[in-house]
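Chain residues, written in single-letter form:
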Amino acid sequence: MLSKDCHLIGDFAFYAWFSEEHAGDFVITLGGYNPHYTAPARYPTVPRLGINWQVTDKLVIKGREYFALTPNAIMAGGFLEAVWHSGGIKAWFSVEADFLMMWKPLHYAMQASVDIGASFTIHLLFTSVNMTIHVGI
(Lines give C-alpha, C1' and ligand atoms only; values in the text may rest on other atoms or scores of the structure.)
Protein backbone atom coordinates (compact mmCIF):
# COMPACT_ATOMS: atom_id res chain seq x y z
CA MET A 1 0.00 0.00 0.00
CA LEU A 2 1.38 3.41 -0.97
CA SER A 3 -0.47 5.47 1.63
CA LYS A 4 -3.95 5.75 3.11
CA ASP A 5 -4.08 9.16 1.39
CA CYS A 6 -3.54 7.58 -2.05
CA HIS A 7 -6.90 6.91 -3.71
CA LEU A 8 -6.97 4.52 -6.66
CA ILE A 9 -9.90 4.59 -9.08
CA GLY A 10 -10.91 2.99 -12.36
CA ASP A 11 -12.13 -0.26 -13.80
CA PHE A 12 -11.34 -3.24 -16.01
CA ALA A 13 -13.55 -5.05 -18.52
CA PHE A 14 -13.27 -8.11 -20.76
CA TYR A 15 -16.12 -8.86 -23.15
CA ALA A 16 -16.20 -11.54 -25.85
CA TRP A 17 -18.95 -12.37 -28.34
CA PHE A 18 -19.21 -15.99 -29.47
CA SER A 19 -22.37 -16.12 -31.53
CA GLU A 20 -24.74 -14.20 -33.75
CA GLU A 21 -23.89 -10.94 -35.47
CA HIS A 22 -20.76 -10.03 -33.46
CA ALA A 23 -19.16 -13.49 -33.19
CA GLY A 24 -15.39 -13.21 -32.80
CA ASP A 25 -15.49 -9.66 -31.42
CA PHE A 26 -13.83 -8.90 -28.08
CA VAL A 27 -12.53 -6.06 -25.98
CA ILE A 28 -10.04 -5.99 -23.12
CA THR A 29 -9.79 -2.61 -21.46
CA LEU A 30 -8.23 -1.17 -18.36
CA GLY A 31 -9.50 2.38 -17.97
CA GLY A 32 -11.32 2.86 -21.26
CA TYR A 33 -10.32 3.91 -24.75
CA ASN A 34 -8.27 6.46 -26.67
CA PRO A 35 -10.19 9.75 -27.08
CA HIS A 36 -9.98 9.40 -30.89
CA TYR A 37 -11.33 5.83 -30.95
CA THR A 38 -15.05 5.42 -31.49
CA ALA A 39 -15.97 2.31 -29.51
CA PRO A 40 -19.01 0.39 -30.75
CA ALA A 41 -22.10 0.83 -28.58
CA ARG A 42 -21.83 -2.80 -27.39
CA TYR A 43 -18.42 -2.13 -25.79
CA PRO A 44 -18.50 -1.36 -22.06
CA THR A 45 -17.98 2.17 -20.77
CA VAL A 46 -15.09 1.93 -18.32
CA PRO A 47 -13.78 4.78 -16.12
CA ARG A 48 -10.09 5.66 -16.38
CA LEU A 49 -7.61 4.03 -14.04
CA GLY A 50 -6.33 6.75 -11.81
CA ILE A 51 -4.57 7.97 -8.75
CA ASN A 52 -5.37 10.94 -6.51
CA TRP A 53 -2.71 11.30 -3.87
CA GLN A 54 -2.36 14.11 -1.36
CA VAL A 55 1.27 13.24 -0.54
CA THR A 56 1.66 16.14 1.91
CA ASP A 57 -0.35 19.27 2.60
CA LYS A 58 1.80 20.93 -0.10
CA LEU A 59 2.16 18.17 -2.74
CA VAL A 60 -0.59 16.52 -4.82
CA ILE A 61 -0.07 13.82 -7.46
CA LYS A 62 -2.83 12.90 -9.92
CA GLY A 63 -2.90 10.57 -12.88
CA ARG A 64 -5.24 8.82 -15.31
CA GLU A 65 -4.33 5.89 -17.56
CA TYR A 66 -5.95 3.53 -20.05
CA PHE A 67 -5.20 0.51 -22.22
CA ALA A 68 -7.48 -1.33 -24.64
CA LEU A 69 -7.20 -4.15 -27.16
CA THR A 70 -9.89 -4.97 -29.73
CA PRO A 71 -9.86 -7.04 -32.94
CA ASN A 72 -9.08 -3.87 -34.93
CA ALA A 73 -7.04 -1.68 -32.57
CA ILE A 74 -4.65 -1.34 -29.67
CA MET A 75 -4.39 1.84 -27.61
CA ALA A 76 -2.77 3.17 -24.47
CA GLY A 77 -2.19 6.49 -22.78
CA GLY A 78 -2.77 8.77 -19.87
CA PHE A 79 -1.41 11.67 -17.89
CA LEU A 80 0.49 12.27 -14.69
CA GLU A 81 0.59 15.57 -12.82
CA ALA A 82 2.39 16.74 -9.68
CA VAL A 83 1.67 20.12 -8.09
CA TRP A 84 3.54 21.63 -5.14
CA HIS A 85 2.06 24.73 -3.49
CA SER A 86 3.37 26.60 -0.46
CA GLY A 87 2.34 30.12 0.43
CA GLY A 88 2.70 32.25 -2.67
CA ILE A 89 4.90 29.74 -4.53
CA LYS A 90 3.59 27.03 -6.84
CA ALA A 91 5.44 24.54 -9.05
CA TRP A 92 4.02 21.86 -11.35
CA PHE A 93 4.94 19.14 -13.76
CA SER A 94 2.64 17.20 -16.08
CA VAL A 95 3.12 14.66 -18.83
CA GLU A 96 0.48 13.28 -21.17
CA ALA A 97 0.53 10.73 -24.00
CA ASP A 98 -2.00 8.94 -26.21
CA PHE A 99 -1.29 6.14 -28.70
CA LEU A 100 -3.71 4.45 -31.09
CA MET A 101 -2.88 1.81 -33.71
CA MET A 102 -5.56 0.39 -35.99
CA TRP A 103 -5.24 -2.21 -38.71
CA LYS A 104 -7.37 -2.83 -41.82
CA PRO A 105 -6.03 -0.39 -43.05
CA LEU A 106 -2.93 -0.05 -40.91
CA HIS A 107 -2.49 3.40 -39.41
CA TYR A 108 -1.47 4.89 -36.10
CA ALA A 109 -1.57 8.17 -34.19
CA MET A 110 0.45 9.34 -31.22
CA GLN A 111 0.56 12.57 -29.31
CA ALA A 112 2.50 13.55 -26.23
CA SER A 113 3.11 16.65 -24.17
CA VAL A 114 5.19 17.80 -21.22
CA ASP A 115 4.46 20.88 -19.15
CA ILE A 116 6.71 22.37 -16.45
CA GLY A 117 6.05 25.59 -14.63
CA ALA A 118 6.35 27.71 -11.53
CA SER A 119 4.66 30.82 -10.24
CA PHE A 120 4.93 33.09 -7.27
CA THR A 121 2.90 35.95 -5.86
CA ILE A 122 4.38 39.06 -4.26
CA HIS A 123 2.07 41.13 -2.08
CA LEU A 124 2.82 44.86 -2.18
CA LEU A 125 1.11 47.67 -0.31
CA PHE A 126 -2.25 47.79 -2.11
CA THR A 127 -1.79 45.16 -4.79
CA SER A 128 -0.36 41.77 -5.64
CA VAL A 129 1.92 40.75 -8.50
CA ASN A 130 1.83 37.22 -9.88
CA MET A 131 4.79 35.97 -11.97
CA THR A 132 4.66 32.71 -13.92
CA ILE A 133 7.36 30.79 -15.77
CA HIS A 134 6.00 28.04 -18.01
CA VAL A 135 7.53 25.67 -20.59
CA GLY A 136 5.49 23.20 -22.59
CA ILE A 137 6.24 20.83 -25.43
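An account of the accompanying structure is given in this report. (Residues numbered from 1 in each chain as written. Predicted model: local features only at pLDDT ≥ 70, side-chain atom pairs only at ≥ 80, totals over all residues. Heavy atoms only, no water.)

**A look at the overall build of the protein chain**
In step 1: Within the protein chain, the regular secondary structure consists of zero helices and nine strands.
In step 2: A compact globule built from 137 residues should have a C-alpha radius of gyration of about 14 Å, whereas the protein chain, at 20 Å, is more than 25% larger.
In step 3: With respect to the principal axes defined by its C-alpha atoms, the protein chain has extents near 75 × 35 × 25 Å.
In step 4: Counting across all 137 residues of the protein chain, residues that qualify as buried make up 26%.
In step 5: Long-range contacts, defined as pairs at least 24 residues apart, comprise 41% of the intrachain contacts of the protein chain with a sequence gap of at least 6.
In step 6: Here the protein chain has roughly 9,300 Å² of accessible surface; of this, 65% comes from carbon and sulfur atoms.
In step 7: Each charge class in the protein chain can be summarised by its mean position, and for the 8 positive and 11 negative side chains these summaries are 6 Å apart. (Helix = DSSP H or I, 4+ residues; strand = E, 2+ residues; numbered from the N terminus. Rg over C-alpha atoms; globule rule 2.2 N^0.38 Å. Buried < 20%, exposed > 50% of the residue type's maximum accessible area, 1.4 Å probe, protein only. Contact = heavy atoms within 4.5 Å. Areas by Shrake-Rupley, 256 points an atom, 1.4 Å probe, with all protein chains shown as cover. Lys, Arg positive; Asp, Glu negative; His and termini not counted. Charge placed at Lys NZ, Arg CZ, Asp CG, Glu CD.)

**Looking at a nonpolar patch on the surface**
In step 1: There is a patch of nonpolar side chains on the surface, built from Trp 84, Ile 89, Phe 120, Ile 122, Leu 124, Val 129 and Met 131 and spanning about 600 Å² of accessible area.
In step 2: Residue assignment for the nonpolar patch shows that the elements contributing at least two residues are strand E8 (107-123) and strand E9 (128-136).
In step 3: Mapped onto the secondary structure, Ile 122 falls in strand E8.
In step 4: For Ile 122, a relative accessible area of 38% puts it in the partly exposed group. (Patch = residues over 30% accessible without salt bridge, like charges linked within 9 Å, V, L, I, M, F, W, Y side chains within 5 Å. Salt bridge = Lys/Arg side-chain N within 4 Å of Asp/Glu carboxyl O.)

**Description of the packing of aromatic side chains**
How two aromatic rings sit relative to each other is set out by the distance from centre to centre and by the angle between their planes.
In step 1: What the rule picks out here adds up to four aromatic pairs.
In step 2: Aromatic pair Trp 17 and Tyr 43: ring centres 5.7 Å apart, planes at 25°, arrangement stacked. Linking Trp 17 in the loop between strand E2 (12-16) and strand E3 (26-30) with Tyr 43 in the loop between E3 and strand E4 (49-54), this pair joins segments that are 26 residues apart in sequence.
In step 3: Three or more aromatic residues link up through ring pairs in this structure, and these residues are Tyr 15, Trp 17, Tyr 33, Tyr 37 and Tyr 43.
In step 4: The side chain of Arg 42 reaches across the aromatic face of Trp 17, ending 5.8 Å from its centre. (Phe/Tyr/Trp six-rings, centres within 6.5 Å; stacked < 30°, edge-to-face > 60°. Lys NZ or Arg CZ within 6 Å of the ring centre and 35° of its normal.)

**A look at the environment of Gly 24**
In step 1: Tracing the chain through its elements places Gly 24 in the loop between E2 and E3.
In step 2: A sequence separation of 71 residues divides Gly 24 from Val 95, and the C-alpha atoms of the two residues are 36 Å apart.
In step 3: Beyond its immediate chain neighbours, meaning those up to four positions away, Gly 24 contacts Trp 17 and Pro 71.

The values reported here are purely geometric and, on their own, carry no functional implication.
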